[in-house]
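# Coordinates in review
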Amino acid sequence: GAVVSQHPSWVICKSGTSVKIECRSLDFQATTMFWYRQFPKQSLMLMATSNEGSKATYEQGVEKDKFLINHASLTLSTLTVTSAHPEDSSFYICSARDRSVGAAGYTFGSGTRLTVV
Amino acid sequence: DAKTTQPTSMDCAEGRAANLPCNHSTISGNEYVYWYRQIHSQGPQYIIHGLKNNETNEMASLIITEDRKSSTLILPHATLRDTAVYYCIVRVPSKGGADGLTFGKGTHLIIQP
């Protein structure tokens, strides 16, 4: 089945630094990938849609200059949290859909736990 | 996407069938019912989806009422590893896969030993 690999699984960084999270589709091509954020005891919230070869589309309230998304190839999207602050500490999850499987569901990465200290 | 309503939490004994309900009374004719689950500190996992007919796969069964206003996800023999938050999502599958999912609060299913 479709596999999405996300790296790193956890990261601790100092306030003010930037962190890059990678999301790869291992056995299918994904022209579109999605980035979600999940705070403790809350549900997943869609942050942005990553489009291969073009600019990402951000959900309302998500700062595009803070959460930089690059989708340079059909199998890789990256999310960079710039100038991270403690309030950016969260669980970040990427997702993609293998269009070859029709109406079936989306595949998610295993998530990245970001802690900003 | 149509709105869904799920119980906040449920308990089920290990080895028994877990039946998770979902109400989606405003579902439209071309919207599918999808189920995902999220085990603690992991990404969500696709379980099953359906439009009108009942569906079964190696993980679960999906029972959709005739009027399609509600559905039930059935885990036939629950194990401790099935403890997770289960999300019911109703949506039209986008042709290009260009739309992200909207997650509600889901049901926290706890399997008791």
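These figures come from a predicted structure and were not determined experimentally.

Let us now look at the overall build of chain A. A count of helical and extended segments in chain A gives zero helices and eleven strands. When the helices and strands of chain A are listed from N to C terminus, the series reads β-β-β-β-β-β-β-β-β-β-β. For 117 residues, the compact-globule estimate of 2.2 N^0.38 gives 13 Å, and chain A sits close to it at 14 Å. For chain A, the proportion of contacts with a sequence separation of at least 24, taken over those separated by at least 6, is 53%. Surface accessibility of chain A: about 5700 Å² in total, with carbon and sulfur atoms responsible for 52%. Seen as two clouds, the 11 positive and the 9 negative side-chain charges of chain A have centres 3 Å apart.

A few words on the sheet that holds strand β3 (residues 19–25) of chain A. All names here are of chain A. Taken together, the four strands give an open sheet; going across it, the order is β1-β3-β8-β7, and neighbouring strands pair in antiparallel fashion. The sheet terminates laterally at β1 (4–7) and β7 (67–73), the two strands that pair on one side only. The average undirected angle you get between the axes of adjacent strands in this sheet is 15 degrees.

This paragraph deals with the state of the cysteines. Linking two cysteines covalently through their sulfur atoms gives a disulfide. All names here are of chain A. For the structure shown, the criterion picks out two disulfides over all chains. A disulfide bridge connects Cys23 with Cys94, and the sulfur atoms are separated by 2.0 Å. Measuring handedness by torsion sign, the sulfur bridge of Cys23 and Cys94 sits at about 85 degrees and is right-handed. With a gap of 71 residues between them, Cys23 in strand β3 and Cys94 in strand β9 (residues 90–96) connect regions that are remote in the sequence.

Further remarks concern the environment of Pro7 of chain B. Residues and elements named next belong to chain B. With respect to the element layout, Pro7 can be found in the segment before β1 (9–13). Once the C-alpha coordinates of Pro7 and His108 are considered, the two residues, 101 residues apart in sequence, prove to be 8.2 Å apart. Pro7 has contacts with Pro21, Gly106 and Thr107, leaving out every residue within four places of it along the chain.

Residues and elements named next belong to chain B. Strand order across the open sheet formed by four strands is β2-β7-β6-β5, with antiparallel pairing between neighbours. The sheet is open, and its two edges are formed by β2 (18–23) and β5 (55–56), each paired on a single side. Pairing between strand β6 (residues 61–64) and strand β7 (residues 70–75): four bridges, direction antiparallel. The partner of Leu62 across the bridge, within β7, is Leu73.

Enumeration over the complete set of coordinates arrives at ten aromatic pairs over all chains. Judged by centre distance (5.8 Å) and plane angle (85 degrees), the rings of Tyr36 of chain A and Phe103 of chain B are edge-to-face. Of the two residues, Tyr36 of chain A is situated in strand β4 (residues 32–38) and Phe103 of chain B in the loop between β8 (84–91) and β9 (107–112); the pairing between them involves two chains. No difference in accessibility class separates Tyr36 of chain A from Phe103 of chain B, as the two residues are buried. Plain terms: the ring middles of Phe108 of chain A and Tyr36 of chain B are 5.8 Å apart, the flat faces sit at 85 degrees to each other, and that makes the pair edge-to-face. Separated into two different chains, Phe108 of chain A in strand β10 (residues 107–108) and Tyr36 of chain B in strand β3 (residues 32–38) make up a pair that spans both. You'll find Phe108 of chain A and Tyr36 of chain B in the same group, each marked buried. Through a chain of ring-to-ring contacts, three or more aromatic side chains come together here, namely Tyr36 and Phe108 of chain A together with Tyr36, Tyr46, Tyr87 and Phe103 of chain B.

A few words on the pairing of β8 of chain B. Residues and elements named next belong to chain B. Counting buried residues along β8, seven of its eight residues qualify, which places the element largely inside the surrounding structure. Examined bridge by bridge, β3 and β8 share seven bridges and lie antiparallel to one another. Looking at the pairing, Tyr36 lines up with Tyr87 of β8. With three bridges connecting them, β8 and β9 associate as antiparallel partners. Of the residues in β9, the one forming a bridge with Tyr86 is Thr107.

Parameters and conventions
- Residues numbered from 1 in each chain as written.
- Chains lettered and ligands numbered in written order.
- Predicted model: local features only at pLDDT ≥ 70, side-chain atom pairs only at ≥ 80, totals over all residues.
- Heavy atoms only, no water.
- Helix = DSSP H or I, 4+ residues; strand = E, 2+ residues; numbered from the N terminus.
- Rg over C-alpha atoms; globule rule 2.2 N^0.38 Å.
- Contact = heavy atoms within 4.5 Å.
- Areas by Shrake-Rupley, 256 points an atom, 1.4 Å probe, with all protein chains shown as cover.
- Lys, Arg positive; Asp, Glu negative; His and termini not counted.
- Charge placed at Lys NZ, Arg CZ, Asp CG, Glu CD.
- Pairing = 2+ DSSP bridges.
- Axes fitted to C-alpha atoms, helices over the stretch in contact; angles between N-to-C directions.
- Disulfide = S-S within 2.5 Å.
- Phe/Tyr/Trp six-rings, centres within 6.5 Å; stacked < 30°, edge-to-face > 60°.
- Buried < 20%, exposed > 50% of the residue type's maximum accessible area, 1.4 Å probe, protein only.

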